[in-house]
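Inside the fold
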Amino acid sequence: MGVDRVADQQDTEGAQEARAGHPLNSGSAAPVSVVACPDGPLLVRGDFTLLGADGEELPRTRRTVALCRCGASVLKPYCDGSHKLIGFRSEP
Amino acid sequence: MKQPSPRGELSALLLSVIAGSVASAQDALPRLDALTGESISRTPDILHDDDLQLALFCLYELHYSGVDGAGDDWEWDPDLLRIRHRIEAAFEQRVRDETVVPALPEPTSEAVCAELFRLTGEDGGPSMSRFVAKSATDDQLREFLVHKSVNQLREADPHTFAIPRLSGRSKAAMVEIQADEYGNGLPARMHSALYARTMRELGMDDAYGGYLDAVPAITLAVNNLMSLFGLHRRLRGAIVGHLAAYEMTSSQPNRLYSRGFKRHGYGPDVTEYFDEHVEADAVHEQIAGRDMAGGLVESDPRLLEDVLFGAAAGLAIDTLMTVHIMESWEAGRSSLRASDVAA
Ligand code: FES
Ligand SMILES: [Fe+2]
Ligand SMILES: [Fe+2]
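Residues numbered from 1 in each chain as written. Chains lettered and ligands numbered in written order. Predicted model: local features only at pLDDT ≥ 70, side-chain atom pairs only at ≥ 80, totals over all residues. Heavy atoms only, no water.

Residues and elements named next belong to chain B. Over its 12 residues, helix 3 (residues 50-61) extends 16 Å from the first C-alpha to the last, a length consistent with the 16 Å expected when each residue adds 1.5 Å. Within helix 3, 11 of the 12 residues are buried, which leaves the element mostly enclosed by the surrounding structure. Listed in full, the buried residues belonging to helix 3 are Asp 51, Leu 52, Gln 53, Leu 54, Ala 55, Leu 56, Phe 57, Cys 58, Leu 59, Tyr 60 and Glu 61. On the buried face of helix 3, the contacting elements are helix 1 (9-19), helix 2 (28-42), helix 4 (78-98), helix 7 (138-152) and helix 11 (217-231). In this structure Asp 49 caps helix 3, since a side-chain oxygen of it lies 3.1 Å from the backbone nitrogen of Asp 51. (Helix = DSSP H or I, 4+ residues; strand = E, 2+ residues; numbered from the N terminus. Expected span 1.5 Å × (residues − 1). Buried < 20%, exposed > 50% of the residue type's maximum accessible area, 1.4 Å probe, protein only. Contact = heavy atoms within 4.5 Å. Polar contact = N/O pair within 3.5 Å; in protein donor to acceptor, adjacent residues only side chain to side chain.)

Structure, rendered in structure tokens:
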């Protein structure tokens, strides 16, 4: 049981790396779309890489992400729903 | 799921019936049907009726993981389905009485999304998440995990039943959300697996349904509502609204739950389930409101009211469970049926 679990974790890390490097094995890449959610985040879908200012990839565990544009998230660059608490408005 | 303990005449007879074969139970089925009618007509409130809610939960469970010892052919047995339908009809009526459906917005994606965010942003009674963050004792954290475990150890399954009933934009959106709930192909990342790990880290039983005997009727009702919505195509609008409301009331509460466990010195292996939901559900709520619920209404405007009903009903029944838990804790009692079950 204990051994199984260690093996599981190694598989998981390997699979995660493989996915990050090669989002799709074949076919054309999905076009990237950004939805500006009213009073909320920017929802980014498709095949893209998210980089820090140093050019390194930012930690990312899902394909579609919500990027904070209200400034209040504690998970930046990702949205954590804080925009609702501060009453963020995307329209003036 | 292991066989739960009966909570009255009806659930006792039901559990003994499904433990046998369909052929051997033919004599007991009319009695089960009559008992169902009696239980429904004399219950003061089906939402808090342990016997009826457990019977309904077990009948639904035949469509999920099954009940240990129950034959697989009970799932589509017409007599059992008729009995389930009687309980469901009374349950659905009671839920409708409890639910206030808001004024209907325009049947456009943006208007539906905005209305769902407005509805879920309203103050829905006591806040369990703030209490968990600031004041819950270690025992109360464990109780909290027990209540949630009924759904979280099979997280996403009730809503997944709706996928074949959707099409186009709303279907793609639900699949996008559910894929994330199921770990995007990585079993260890499944939300149900993260929840199981949290329970194991606290030395608790992580088997699905392991604490079913401990939870009160209202916790079963919260779960039965999802199965009711998920298993009826007629209620596809409601299950979509339910999921949208669920996602929209998750990010911030999960941040507070995580804080409560950290306050007691628990590490990342315990809090990851909650931390993951802060980020995941900030994504899911946008997809759920705009593409899944909004997309469904744009493709079939007749479902607008059902979508809002599903959202409002989920919030209303959830609030009843929260009220039960918070009132128990304020009175210095356990919110579970037997105070030592979670230990
Ligand atoms: S946009 Fe959601 S937290 Fe900033
Ligand atoms: Fe989840
Ligand atoms: Fe989610």
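The interface of chain A with chain B comprises 26 residues on the first partner and 25 residues on the second. Between chain A and chain B, roughly 2000 Å² of surface is buried when both sides are summed, and carbon and sulfur atoms account for 51% of that area. Considering only the side of chain A, the residues that lose the most area to chain B are Arg 45, Arg 62 and Lys 84 of chain A, jointly responsible for 27% of the buried surface there. Linking chain A with chain B are seven salt bridges, by the criterion used here. Linking chain A with chain B are 10 residue pairs in polar contact (both at pLDDT 80 or more), by the criterion used here. (Buried area = accessible area lost by both parts, 1.4 Å probe. Salt bridge = Lys/Arg side-chain N within 4 Å of Asp/Glu carboxyl O.)

Moving on: the coordination of the iron ion (ligand 3). Residue and element names in this part refer to chain B. Protein coordination at the iron ion (ligand 3): the donors are Glu 181 (OE), Glu 247 (OE), Glu 247 (OE), Asp 281 (OD) and His 284 (ND1), at 2.1 to 2.6 Å from the metal. Each donor residue of the iron ion (ligand 3) belongs to the same chain, and together they define the spacing E-x65-E-x33-D-x2-H. The iron ion (ligand 2) is placed at 3.8 Å from the iron ion (ligand 3), the two being bridged by Glu 181. In this pair, Glu 247 is assigned in helix 12 (residues 236-248) and His 284 in helix 14 (residues 268-299), connecting sequence segments 37 residues apart. For the pair Glu 247 and His 284, a shared accessibility class is recorded, and that class is buried. (Donors = N, O, S within 2.8 Å, 3.2 Å for Na, K, Ca; no water.)

Residue and element names in this part refer to chain B. In the contact formed by helix 1 and helix 2, the axes pass within 9 Å of each other and the chain directions differ by 155°. The orientation of helix 1 relative to helix 2 falls into the category roughly antiparallel. The two elements helix 1 and helix 2 meet at a crossing, and its hand is left-handed. On helix 2, the residues that touch Glu 9, Leu 10, Leu 13, Leu 14 and Val 17 of helix 1 are Ala 28, Leu 29, Arg 31, Leu 32, Leu 35, Thr 36, Ser 39 and Arg 42. (Axes fitted to C-alpha atoms, helices over the stretch in contact; angles between N-to-C directions. Parallel < 35°, antiparallel > 145°, perpendicular 65-115°, else oblique. Left-handed = near helix turned anticlockwise from the far one by under 90°.)

In this section: the environment of Ala 29 of chain A. Residues and elements named next belong to chain A. Along the polypeptide, Ala 29 turns up in the loop between helix 1 (2-21) and strand 1 (33-36). By relative accessible area, Ala 29 is classed as exposed at 54%. When the C-alpha positions of Ala 29 and Gly 46 are compared, they lie 7.7 Å apart, and in sequence the two are 17 residues distant.

On the secondary structure map, Arg 236 of chain B appears in helix 12. Every residue in contact with Arg 236 of chain B, bar those within four places of it in the chain, is listed here: Arg 165, Leu 296, Asp 300 and Leu 303 of chain B.

Below, the discussion takes up unusual backbone geometry. Between Lys 76 of chain A and Pro 77 of chain A the backbone carries a cis peptide bond, its omega angle lying at 10°. Relative to the helices and strands, Pro 77 of chain A is located in the loop between strand 3 (65-67) and helix 2 (82-85). A positive phi angle is found at Ala 156 of chain B, which is not glycine, with a value near 85°. Inspection of the secondary structure puts Ala 156 of chain B in the loop between helix 7 and helix 8 (157-160).

This part is about helix 14 of chain B. Of all bends in helix 14 of chain B, the biggest is about 40°, found at Ala 288 of chain B. Most of helix 14 of chain B sits inside the fold, with 26 of its 32 residues counted as buried. (Bend = angle between axes of the 7 residues up to and from the residue.)

For the rest of this paragraph, the subject is the confidence of the model for chain B. As a note on interpretation, predicted positions should not be read in detail where pLDDT is low. Looking at chain B, pLDDT values average 96 and 99% of them are 70 or higher. Here the predicted complex scores 0.92 on pTM and 0.90 on ipTM. (pLDDT = per-residue confidence, 0-100.)

Residues and elements named next belong to chain B. All of the protein donors around the iron ion (ligand 2) are Glu 155 (OE), Glu 181 (OE), His 191 (ND1) and His 277 (NE2); their distances to the metal are 1.9 to 2.2 Å. The coordination sphere of the iron ion (ligand 2) comprises four donor atoms, whose angles at the metal cover 79 to 167°; the geometry is irregular. Ordering the donors of the iron ion (ligand 2) by residue number gives the pattern E-x25-E-x9-H-x85-H. (Tetrahedral: all angles 85-135°; square planar, octahedral: opposite > 155°, others 65-115°.)

Time to look at the confidence of the model for chain A. All names here are of chain A. When the pLDDT values of chain A are averaged, the result is 79; 71% of them are 70 or greater. Across chain A, strand 3 holds the top mean pLDDT of 98, while helix 1 sits lowest at 42. Predicted confidence is poor over residues 1-22, with pLDDT under 50, and the contacts of this stretch with residues over four places away or in other chains come to nine contacts.

The next thing to look at is the packing of aromatic side chains. For the coordinates displayed, the defined rule picks out 11 aromatic pairs over all chains. Arranged with centres 5.3 Å apart and planes meeting at 90°, the rings of Tyr 273 of chain B and Phe 274 of chain B form a pair that is edge-to-face. Both residues of the pair, Tyr 273 of chain B and Phe 274 of chain B, count as buried. Each residue in the set Phe 144, Tyr 195, Tyr 257, Phe 261, Tyr 266, Tyr 273 and Phe 274 of chain B is aromatic and connected to the rest through ring pairs, giving one cluster. Above the ring of Phe 48 of chain A, the side-chain terminus of Arg 60 of chain A is found at 4.0 Å from the ring centroid. (Phe/Tyr/Trp six-rings, centres within 6.5 Å; stacked < 30°, edge-to-face > 60°. Lys NZ or Arg CZ within 6 Å of the ring centre and 35° of its normal.)

All names here are of chain A. The strand order across the open sheet built from three strands is 1-2-3, with neighbouring strands paired in antiparallel fashion. Here the strands that pair on one side only, and so sit at the sheet edges, are strand 1 and strand 3. On average, adjacent strands in this sheet sit at an angle of 25° to one another, irrespective of strand direction. Taken together, the four bridges between strand 1 and strand 2 (residues 42-45) define a ladder with antiparallel strand orientation. (Pairing = 2+ DSSP bridges.)

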